[in-house]
Amino acid sequence: MVVKVGVAKLGNIASGVMAELLLDERADREDMQTFMATSGTKLEPADVDRVVSNLKAYKPDFCIVVSPNGVLPGPTGAREQLAAAGIPVIIITDDVTTKKEWEGVKASTFGYIIMKADSMIGARREFLDPTEMADFNGNLVKVLALTGAFRKMQLAIDLVIDQVKAGKKGAELVLPKIVMTTDKAVEGEFTNNYALAKARAAHEIAMAVAGQNVKGCFMTKEWEKYIPIVASAHEMMRCAAALCDEAREIEKAGDSIMRKPHKKDGTLVCKNKLVAKFE
């Protein structure tokens, strides 16, 4: 069978840039297909309704709703409308674990993956132009990829696809409930302890970026004060990406990069040497 995976991308976080691509990295899987509907940069009700209506028409086996701040009305309405249509939902969002509204989600049937390092951008007009926005997201994608956070997210979604292939549907599906901490992200990713340490540092720095950008975007009124704050947050993310590069180069030097591609039937294969066959 072919599993149909719907992806609702509401606004932007770095995890949304890669969500469906991580499931089919060479576009040759024959056991699943994805359909993504996006609201673009906005989270207005009309934009969200357009996304939801398109996903309902696609009739997926389950949906991924990816957005910043998953307790906002737009993402909340999207997942509730999809659930009301009988479609299982996995929420992918940034760190909302301290918000009271999230407690209800944790206790619900929704699956969730909270990407703690997928930090808010420094969205001040005096600082953030399109080039700066793209540069920040590029660095953040590198951090989430090379620390292992993206792999853990992909593996969790693959497990749901496997359940559908095994005949489960609707409420029978066991959906992930994951908070992507640093320990969770880097687990099993590195053979060299110095590489591991650099990756851990990168993930911790990326998580700390959110605090600086919240301070610069929402808590500081004077422009001459908030511009250096958001700029410093972007410098932090640049340093985190550089640490990830260093960690990967250490692993390359030991010829121990882990590679886990999908086969056409969705099976994952693995190897740790560059010039070697898969296990």
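The sections below set out a description of the structure shown in this document. This structure is a prediction, so every number in the text was calculated from the model and none was measured. (Residues numbered from 1 in each chain as written. Predicted model: local features only at pLDDT ≥ 70, side-chain atom pairs only at ≥ 80, totals over all residues. Heavy atoms only, no water.)

On the surface, a nonpolar cluster with roughly 320 Å² of combined accessible area is contributed by Val214, Phe218 and Met219. Considering the arrangement of structural elements, one finds Met219 in helix α8 (residues 193-219). (Patch = residues over 30% accessible without salt bridge, like charges linked within 9 Å, V, L, I, M, F, W, Y side chains within 5 Å. Areas by Shrake-Rupley, 256 points an atom, 1.4 Å probe, with all protein chains shown as cover. Salt bridge = Lys/Arg side-chain N within 4 Å of Asp/Glu carboxyl O. Helix = DSSP H or I, 4+ residues; strand = E, 2+ residues; numbered from the N terminus.)

In a regular helix each residue adds 1.5 Å, so 14 residues correspond to 20 Å; helix α2 (residues 45-58) covers 20 Å between its end C-alpha atoms and thus fits that length. The set of residues buried in α2 consists of Asp47, Val48, Val51, Val52, Leu55 and Tyr58. Buried positions in α2, seen along its axis, are confined to an arc of 130 degrees and lie on one side of it. Among the exposed residues of α2, those pointing more than 90 degrees away from its buried face are Pro45, Ala46 and Ala57. Looking at the packing, one finds that the buried side of α2 touches β1 (3-9), β2 (32-38), β3 (62-66) and α3 (73-84). Two residues or fewer past α2, Lys59 is found with a positive phi of approximately 55 degrees. (Expected span 1.5 Å × (residues − 1). Buried < 20%, exposed > 50% of the residue type's maximum accessible area, 1.4 Å probe, protein only. Arc of directions from axis to C-beta. Contact = heavy atoms within 4.5 Å.)

This paragraph deals with the sheet that holds β1. Read across the sheet, 6 strands follow the order β2-β1-β3-β4-β5-β6 without closing on themselves; strand pairing throughout is parallel. Pairing within the sheet leaves two strands with one partner each, and these edge strands are β2 and β6 (177-180). On average, each strand axis in the sheet is inclined to that of its neighbour by 15 degrees, with strand direction left out of account. (Pairing = 2+ DSSP bridges. Axes fitted to C-alpha atoms, helices over the stretch in contact; angles between N-to-C directions.)

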